[in-house]
Amino acid sequence: MSKIFTPTNQIRLTNVAIVRLKKAGKRFEIACYKNKVLSWRNNSEKDIDEVLQTHTIFTNVSKGQAAKKDELQKAFGPKDDTEICKEILSKGELQVSEKERQSVLDSQLNSIVNSVAALCVNPETRRPYPATIIEKSLKDAHFSVKMNKNTKQNTLEAIKMLREHLPIERSRMKLRVSFAGKEGGGKLKENVIKLANKVEHEEWEDATLHLTLLIDPGQYRVIDELVRNETKGKGLLELLELKEVVESDELF
Amino acid sequence: MPVVDAGDLALLQAKQQQVRNICILAHVDHGKTTLADSLVASNGIISQRMAGKLRYMDSRQDEQERGITMKSSSISLYYQDNRNADYLINLIDSPGHVDFSSEVSTAVRLCDGAIVVVDVVEGVGPQTRACLKQIYEEQLKPVLLLNKLDRLILEKQLTPLDAYFHLSQLLEQVNAVLGSIFASDVLAKEDINDKQNYESALEQVDDSELYFSPAAGNVVFCSAYDGWAFAVSDFAAMYAERLEMKRSELEQVLWGDFYYNSKKKTAQPGAQEKAKKPMFVQFVLENIWSLYDIIAIRKDKEKLPQIAEKLGLKLAARDLRVTDVKLQIKTVLGQWLPIDRSVLEMVVRHVPPPHQINEERAQRLLYPANVELNTLPAATLSLKECFKSCDARSEHVIAFVSKMTPVHISQLPQNRAKRLTDQELQQRRDEVRRRIEQRKQQSEQPTLEQLTQGVEQLSTQAEKVDEAPAEQTAEQPAELPEYEFIAFARVFSGTLRRGMQLYNLTPKHDPRQPAHRVADTAPYATQVTVGELYMFMGGELQLLDEVPAGNIVGIGGLEAHIVKTATLSSTLDCSSFSELSIMATPILRVAIEPVQPQDMPKLVKGLKLLNQADACVQVSVAPTGEHVITTLGEVHVEKCVHDLEQSYAKIKVNVSKPIVSFRETIVEEATVDMLNEAIVKTADDKDINKKIAVQQTLNKLGTLRVLALPLPAAAVELLEQHANVFKELAATPRNTLLSEKFSTLLASIKSQLSVALAEWELHNLTSLSKAELVERIWALGPRNCGTNILLNLTDYEQPDFWSAQSKSSDTDVRNTSDTRRDFNSSLVNGFQLTTSAGPLCEEPMQGVCFAVLDWSVHSEGEDLNARGFGPFSGQVLTAAKEVCRQAFQNQPQRLVTPMYSCNIVVNTEMLGKMYAVIGRRHGKILSSDLTQGSGNFAVTCLLPVIESFNFAQEMRKQTSGLACPQLMFSHWEVIDIDPFWLPTTEEELMHFGEKADSANRAKVYMDSVRRRKGLFVDEQVVEHAEKQRTLSKNK
């Protein structure tokens, strides 16, 4: 007969994080310490005893029901408990604890801020903004990190939001395009220039046209495709500089 | 004394014999500003009572709050000596705190003499030494003022005799400092090569003029707070009659080991030996002590009037009733021994007037030290005469601007309401009376009430009239900046007039070049128009029409032309004045940013103003986009931030540690472990093939094999040195023929590079000679100009890196069969990407060579872009990036840190503490030598830039301010610790334990950068699982 459930005999689990894995139609759980599972997964915690509360595998941790031997045998094959625990640890699903989430969020925000700082410049000075300024502006713009997107996607999102708060611009890419002038019926040049921010240099050599352009990095793929399709692979794109920024120290 | 009219002072300016330019210098808190207060009070500008409390010269709010002076400020004072001669004294009060030593430098340059103040209780401080040194260097005439004598009486409770010994010891200390400065200077000048000369140069130089001595009259004893001061001569005059001695004789014996023989009525030497009281004690100190005793200790109300009468002082009944002891002392002693008289008398006697600039000083100021005098044109040399005679009528006007002071426009005299003259006041009064009369007639009820009302009206009305024009001017120039910069200058020759056209000579101006002397076209001189002229009166200004030579003056309207210092001259023959000798160079770097990111433009504007206003701050923009200011120390930072927030930018700013950048590199495999035990290597370890990284493009059609190798230091240095050349080469558009000069330069770099690579170990990868290898350089990275090389060891023929000419061939010669050509730039860009952000912490790489051993593309008729992995060029780029990264990681990786070279001058006692500070911050001592003639050590050391934050502060604290480090960027240095190192060998495990708890410095640096950039940091969220705070049981 089951126990009567009253507040006094109820045992709350503290400092426990449960990792679950469904296998062979059964649910297996292990009891771990909080804030430790992610450290184990990214390999910075090597001591399994710092992660596991006990090496027992449960079907339900909070009720204290241990998994049966034959069920384990069926699901995992002939392995000892610790091996099974390790498998559950690496494959199972868990609820991320507060501190873990915080640190993941923090580092992700930092990396977003830094990549925004690396990608963008102040259009007036053509110098990058310091990361701290970007971070503050992002906060002002109510930017929040989307955990299900990667840094690059988040960064592009952030730049879009920042535009309304700060004079900011993607640092431009320097590109050299060469193709025979008659290719694409003379329209190619026009189209390419339309996509560029600025034409820095233009010259004809025999029948070949060389263009040095400053473009928005987002347009790189478009120009590449355009040139390749129109010239049937004979035109050439050359990346001269990934980003054009003033880099030197400047004294007032 | 009545308030002296500014007009009278302006008249005095023309009489050079009666002008003195002095500054007050001392260690912090030794009483400079208090002294200035007392002197200002003597001119009736502030009340005698408030002198010492008001700190009139500290006009800034933060100066008043903190109680320290932060800027030098000037005031013109009037003094009449006992022979009824009038004098104009331009007094400059200077800050004592080390952080503002630049302000001291600007003050010293403008003066002819200096009052050195020393606190008798605290003695000679480090800043006192610094001041004396600066005075010596600028060749000013110093006078000594021993301050705070009252502390010896009331606080230390010394007997007069003890006090005398204390004072004479202190005097010796000051003279010892002077002596050592003098000695090291003489020794430095001595010709070391002259072996014949066995006698030290010291023995031949006369130093008698150098020292302070009360008998010579250049020492004054004083208590600035209590408002009294005396020189020995004051007492000599008092006692000459009573002691029946000649006054001049008495002056000589009143200080020193003399006692008075009352029978013979003569002074006898050897007081100490015969256990007699020295005369100074008997006649001077005991009198003062007894006065203090009566007033402050016994509070004897009866005796005081008697004594006052004896001393010939008039005490009002009110003065006797005052219960405040200090105030009473001030009234009695202040009347008996007025501070202004003794101090100013001494200044007038000992400081030369401006037209007596000595030869050496004139030369030093006028001509740069490294210029041979005879190479200068005659016209320039003749200027020295004008300069020395300081002739106001001279046609050559020369002025030196030592700093730009910001003044709020409301404080400019032209914007300030004028004080009403007596006549005007009388008119107003009459007006009011008339109105009252009218009203009286109207109401026929004359009451006293109305009269008072009328008077009130008068005052409010007067105010209103005053306010009106001020408001107008304030509204009108809404666009104008709030601050006007006024040049703090001294006229050295000629007469400066408003609206005059002068040349502003920059430091590069050189009268030796004929081109520089041609008007209009002189390259380093601009023509400026002198704006308003001002006389400095503490925080206030007084308008002037003209200023003759030898005076200190404020010049308006130069804001746009002068940044910090300048030489103004009417002739182009004048050379630019030598730079200020600044005692400390700014070393504390902090990053400044606005709290509101939108305020960025305001901040930039504010920083520009700050740069102009502060002689000793450097403002720059770092490559990271941060605004960095370099200051002298913590207090200086606070002042700069305060200025920015309150006046220049008017926004809130944040101050933070500036970002320090690192570099990443690889090194040769270590042969010893961390404990210097040899590592035994198996053949397997030595196999270089294990280090080769292989990477396929995503569609598996292209393969790259790359090996990363460290470059020799000489090659790295060479590449670093010529970064600009490579940058230019990369920017040269295709098909342009390089200029001949450029080609030869490139050729020389090429040959130097092959020499630098001579010793380079290549592990039998290629049979090519070093010169051929240089030809096979594919690219440099990052940004086409770095110190990393992409080396081509494949069968592919890369476009020639060394000339722009053949660059075109790779794209234009379409008929080459090599498909790899099309992807040349992708591969190079992959390399550029990796070198600009390495795997350690995404910092640029340094000194790594990526040798591409194999590059194959097996298209076999298939379209390279097919298979759905995007364009093949992109795949090549990714593959190149990855393969370089792997190759880099296959070698032992190291972090490279920028290093400062640091010079410290420190005396022997503090040497140990200084070493401790350097050691704590992982500095390396390069040398430490005893400088000849002084007890100081000159220490040179290297310090990682990342450890330099607050270094100067800590150094100063630990060594009680006796060591002032100067930092300069020197080079990049590899930190020879693997950031991923863990103990492996048995000995290492024993020595460091399993976790290597003694923190790995390279790892600490790397993690700090990684954390900042949001990269992966190998650390756990929680260290000990069991020790987490858990929820309470009942919840």
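Definitions and limits used
- Residues numbered from 1 in each chain as written.
- Chains lettered and ligands numbered in written order.
- Predicted model: local features only at pLDDT ≥ 70, side-chain atom pairs only at ≥ 80, totals over all residues.
- Heavy atoms only, no water.
- Helix = DSSP H or I, 4+ residues; strand = E, 2+ residues; numbered from the N terminus.
- Buried < 20%, exposed > 50% of the residue type's maximum accessible area, 1.4 Å probe, protein only.
- Contact = heavy atoms within 4.5 Å.
- Areas by Shrake-Rupley, 256 points an atom, 1.4 Å probe, with all protein chains shown as cover.
- Domains from an automatic or database assignment.
- Buried area = accessible area lost by both parts, 1.4 Å probe.
- Salt bridge = Lys/Arg side-chain N within 4 Å of Asp/Glu carboxyl O.
- Polar contact = N/O pair within 3.5 Å; in protein donor to acceptor, adjacent residues only side chain to side chain.
- Nonpolar A, V, L, I, M, F, W, Y, C, P; charged D, E, K, R; others polar.
- Core = buried A, V, L, I, M, F, W, Y, C linked by side-chain atoms within 4.5 Å.
- Axes fitted to C-alpha atoms, helices over the stretch in contact; angles between N-to-C directions.
- Parallel < 35°, antiparallel > 145°, perpendicular 65-115°, else oblique.
- Left-handed = near helix turned anticlockwise from the far one by under 90°.

Quick word on the overall build of chain B
In terms of helices and strands, chain B carries 32 helices and 33 strands. Evaluated residue by residue, chain B yields a buried proportion of 52% over its 1035 residues. Considering only contacts within chain B whose residues lie at least 6 apart along the sequence, 74% involve residues at least 24 apart. When the accessible surface of chain B is totalled, it reaches about 48,100 Å², and 50% of it is carbon and sulfur.

Regarding the domain arrangement of chain A
All names here are of chain A. When cut into domains, chain A gives domain 1 (16–95), domain 2 (98–167) and domain 3 (170–244). Contacts between the two partners involve four residues from domain 1, matched on the other side by four residues from domain 2. Here domain 1 packs against domain 2, burying approximately 350 Å² in sum over the two surfaces, 46% of which is carbon and sulfur. Sorting the residues of domain 1 by area buried against domain 2 places N35, L38 and Q95 first, and these three jointly supply 94% of that buried surface. Between domain 1 and domain 2 we count zero salt bridges in total. Where domain 1 packs against domain 2, one counts three residue pairs in polar contact (both at pLDDT 80 or more). For the side of domain 1 that touches domain 2, the per-class residue count stands at two nonpolar, one polar and one charged.

Examining the nonpolar core
For soluble globular proteins, the rule of thumb is that nonpolar side chains tend to be buried together. Residue and element names in this part refer to chain B. Membership of the largest hydrophobic core comes to 98 residues, with the highest contact counts inside it found for F221, F230, M279, F280 and I288. Top element by residues in this core is helix α10 (residues 279–297). It accounts for 13 residues. L496, M500, L544 and V653 belong to the second-largest nonpolar core, a separate cluster that totals 84 residues.

With respect to the packing of helix α15 (residues 359–366) of chain B against helix α16 (residues 378–389) of chain B
Residue and element names in this part refer to chain B. Two elements in contact, α15 and α16, have axes whose closest approach is 10 Å; the angle formed by their N-to-C orientations is 120°. The angle between α15 and α16 falls in the class oblique. You can see that α15 and α16 cross each other, and the crossing is right-handed. Mapping the contact onto sequence places E359, A362, Q363, L365 and L366 in α15 and L383, K384, F387 and K388 in α16.

Overview of the interface of chain B and chain A
In this assembly, 56 residues from chain B lie in contact with 55 residues from chain A. Summing both sides of the interface, chain B and chain A together bury roughly 4,800 Å²; the carbon and sulfur share of this comes to 49%. Counting every contact that joins chain B to chain A gives one salt bridge. A salt bridge links K136 of chain A to E593 of chain B, with the shortest nitrogen-to-oxygen separation between them at 3.0 Å. Remark: the boundary between chain B and chain A carries 13 residue pairs in polar contact (both at pLDDT 80 or more). Those elements that place two or more of their residues in the side of chain B that touches chain A are β20 (588–594), α19 (600–613), β21 (618–621), α26 (809–812), α27 (824–836) and α32 (1001–1013) of chain B. When residues in the side of chain B that touches chain A are grouped by element, the largest group, five residues, is from α19 of chain B. Class assignment of the residues belonging to the side of chain B that touches chain A gives a composition of 18 nonpolar, 20 polar and 18 charged.

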